[in-house]
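# Topology and contacts: notes
Below are the chains, spelled out letter by letter.
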Amino acid sequence: MSPQSPHSVSSVIVEQSGSARIGTRIAHPVLRTTLQQFLRAGAWVADRGPGPADLIFRVTRLSEAPARVLGAPRGVRRHPVFFDSFDAEWLWSEPVSDPRIARDSAILYFHGGAFIAGGLHSYRRHTARLGALSELPVFSVDYRQLPDAHPNESLDDALEAYQYLLDHGFAPEKIVFSGDSAGGGLALRLALTVRDRGLPLPAGISVTSPWADFDSTARMAHPNAKLDAVLPAAGPDMVVRRGIAIDGVLDPSWSVVNHDFTGLPPMLVQVGSREMLLSDALEVAKRCDEAQVPLRLQIRESAPHTLIHLGAGLLADGRDAAADAAEFHRTILAATDTGRTAA
């Protein structure tokens with residue numbers, strides 16, 4: 001499946017965007033010489049042993065605290081929801097009705113951060129923007145992370161959040177699972193778990209740069225391992241070896257790319273052409289192709305990891321990607337009203 005030009009392969013549609021705008025092109029060298037160097041240093045320290053890894057994971061988690069000063073955009077309403085093991089929050093703005101009353105449609109969102117960073121505060125502006133563009137309320141989940149909780153427990157939190165929506169009257173066919181990076185992989189894994197447990201599936205899945213394979217072999221062999229402007233080549237692998245693997249063992253079932261996707265709802269996957277997780281996105285596309293799951297795979301030219309959507313406030317390419325995701329959300333939910341399937 002080649003990402004070189006738009007084409008259709010059974011149920012999979014691959015869309016290659018045009019040339020990146022100047023802001024996106026400038027972002028690459030800036031991120032490579034700043035953020036990536038910081039992440040590279042952190043990965044090197046964490047790889048010295050279990051103690052340093054635990055320290056780096058905890059310090060990284062502390063980065064969420066300063067993000068408390070980042071309030072939601074003007075006009076956005078917020079309502080926190082507290083679970084026994086994690087927190088979540090509703091975000092919505094006019095003309096969307098209060099989801100605690102209307103209980104119509106919703107985006108169930110899982111933030112990125114490699115299971116060691118990110119949260120409600122740092123993602124609030126992004127999730128609020130995505131909800132506003134989609135004209136939907138967003139239920140954003142601050143699932144448990146390393147080093148205090150394994151991604152299997154993150155999955156438990158994701159499942160509990162989805163069950164909460166169902167228990168509060170949201171019809172599954174009016175819910176979209178969404179997320180980016182680690183959260184994108186978690187959204188996909190949640191869909192597989194929901195299917196396997198016989199629970200009703202959502203209307204669709206919309207993910208950005210999903211971390212879908214914890215085995216780094218294919219990702220490290222991909223040319224983008226040397227081109228990514230944000231993620232250092234050894235970063236994801238370090239998190240797996242020092243945090244996700246148990247006694248040095250990585251269960252293949254934890255990686256969504258090792259599952260049969262049969263029966264999953266339509267998907268939108270957005271990824272940058274030069275980022276490491278393009279390898280994961282292409283594997284997700286293969287699973288969709290094999291299972292005849294409708295998929296739009298958008299490969300955004302030179303879009304840096306995390307900035308496909310998170311940079312929408314600054315980058316025009318990010319705004320285009322966010323608008324495309326919002327259009328997918330509206331289309332997929334409208335299709336459930338008419339009994340059609342859309343992708």
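This text follows the structure it describes.
Presented here is a report on the structure given in the accompanying data block. (Residues numbered from 1 in each chain as written. Predicted model: local features only at pLDDT ≥ 70, side-chain atom pairs only at ≥ 80, totals over all residues. Heavy atoms only, no water.)

The topology assignment puts Asp180 in strand 7 (residues 175-180). Although Asp180 is buried, it makes no salt bridge; Arg129 carries the closest opposite charge, 11 Å away. Only 2.6 Å separates the side chain of Asp180 from the side chain of Tyr123, close enough to count as a polar contact. Once residues within four sequence positions are removed from consideration, Asp180 is found in contact with Tyr109, Phe110, His111, Gly112, Tyr123 and Thr208. (Helix = DSSP H or I, 4+ residues; strand = E, 2+ residues; numbered from the N terminus. Buried < 20%, exposed > 50% of the residue type's maximum accessible area, 1.4 Å probe, protein only. Lys, Arg positive; Asp, Glu negative; His and termini not counted. Salt bridge = Lys/Arg side-chain N within 4 Å of Asp/Glu carboxyl O. Polar contact = N/O pair within 3.5 Å; in protein donor to acceptor, adjacent residues only side chain to side chain. Contact = heavy atoms within 4.5 Å.)

It is worth spelling out empty space enclosed by the protein at this point. Unfilled space is identified by rolling a water-sized probe across the atoms. Counted under the stated rule, the structure contains two cavities of 30 Å³ or more. Here the largest cavity defines a volume of roughly 70 Å³. A per-element tally of the lining of the largest cavity places helix 6 (residues 182-196) first, with four residues. (1 Å grid on protein atoms, 1.4 Å probe; cavity = no way out; pocket = protein on both sides within 12 Å on 5 of 7 lines; lining within 4 Å. Points joined across faces, edges and corners; volume = space filled by probe spheres on them.)

Quick look at the environment of His79 now. Along the chain, the position of His79 falls in strand 3 (residues 76-82). On the accessibility criterion, His79 (26% relative accessible area) is partly exposed. It is 27 Å that separates the C-alpha atoms of His79 and Ala321, two residues lying 242 residues apart in sequence. The contact partners of His79, leaving out residues within four places of it in the chain, are Glu89, Trp90, Trp92 and Arg100. For His79, the side chain forms a polar contact with the side chain of Arg100, separated by 3.1 Å.

Moving on, we get to helix 4 (residues 120-134). Taking the largest bend as the criterion, helix 4 deviates by roughly 30°, centred on His126. Within the span of helix 4, buried status applies to Leu120, His121, Tyr123, Arg124, His126, Thr127, Ala128, Leu130, Gly131 and Ser134. Remark: Glu135 follows helix 4 within two positions and exhibits a positive phi of approximately 55°. (Bend = angle between axes of the 7 residues up to and from the residue.)

Before going further, it helps to examine the packing of helix 1 (residues 22-33) against helix 2 (residues 35-46). Between helix 1 and helix 2, the shortest axis-to-axis distance is 3 Å and the interhelical angle comes to 30°. The orientation of helix 1 with respect to helix 2, classified from their angle, is roughly parallel. Only Leu35, Gln36 and Gln37 of helix 2 make contact with helix 1, whose side of the interface consists of Leu31, Arg32 and Thr33. Its residues assigned to classes, the contact of helix 1 with helix 2 comprises two nonpolar, three polar and one charged. (Axes fitted to C-alpha atoms, helices over the stretch in contact; angles between N-to-C directions. Parallel < 35°, antiparallel > 145°, perpendicular 65-115°, else oblique. Nonpolar A, V, L, I, M, F, W, Y, C, P; charged D, E, K, R; others polar.)

In this section: the packing of aromatic side chains. Inspection of every chain in the model, using the stated rule, returns twelve aromatic pairs. Each ring, one from Phe83 and one from Phe86, has its centre 4.3 Å from the other, and the planes form 10°; the classification is stacked. With centroids separated by 5.3 Å and ring planes inclined at 10°, the aromatic side chains of Phe139 and Tyr164 adopt a geometry described as stacked. With Phe139 in strand 6 (residues 138-142) and Tyr164 in helix 5 (residues 151-167), this pair connects stretches of sequence that are 25 residues apart. In this structure Phe139 comes out as buried when scored by relative accessible area, which is 0%. Taken together, the ring pairs in this structure connect Phe83, Phe86, Trp90, Phe139, Tyr164 and Phe170 into an aromatic cluster. Sitting over the face of the ring of Trp44, Arg48 holds its NZ or CZ atom 4.3 Å from the ring centroid. (Phe/Tyr/Trp six-rings, centres within 6.5 Å; stacked < 30°, edge-to-face > 60°. Lys NZ or Arg CZ within 6 Å of the ring centre and 35° of its normal.)

The next subject is unusual backbone geometry. Looking along the chain, the bond that leaves Glu94 and enters Pro95 is cis, with omega of 10°. Turning to its location among the elements, Pro95 is positioned in the loop between strand 4 (87-93) and strand 5 (106-110). The omega torsion across Leu146 and Pro147 is 0°, close enough to zero to call that bond cis. Tracing the chain through its elements places Pro147 in the loop between strand 6 and helix 5. Notably, Glu135 is not glycine yet its phi reads approximately 55°, a positive angle.

Shape descriptors only; they carry no functional weight alone.
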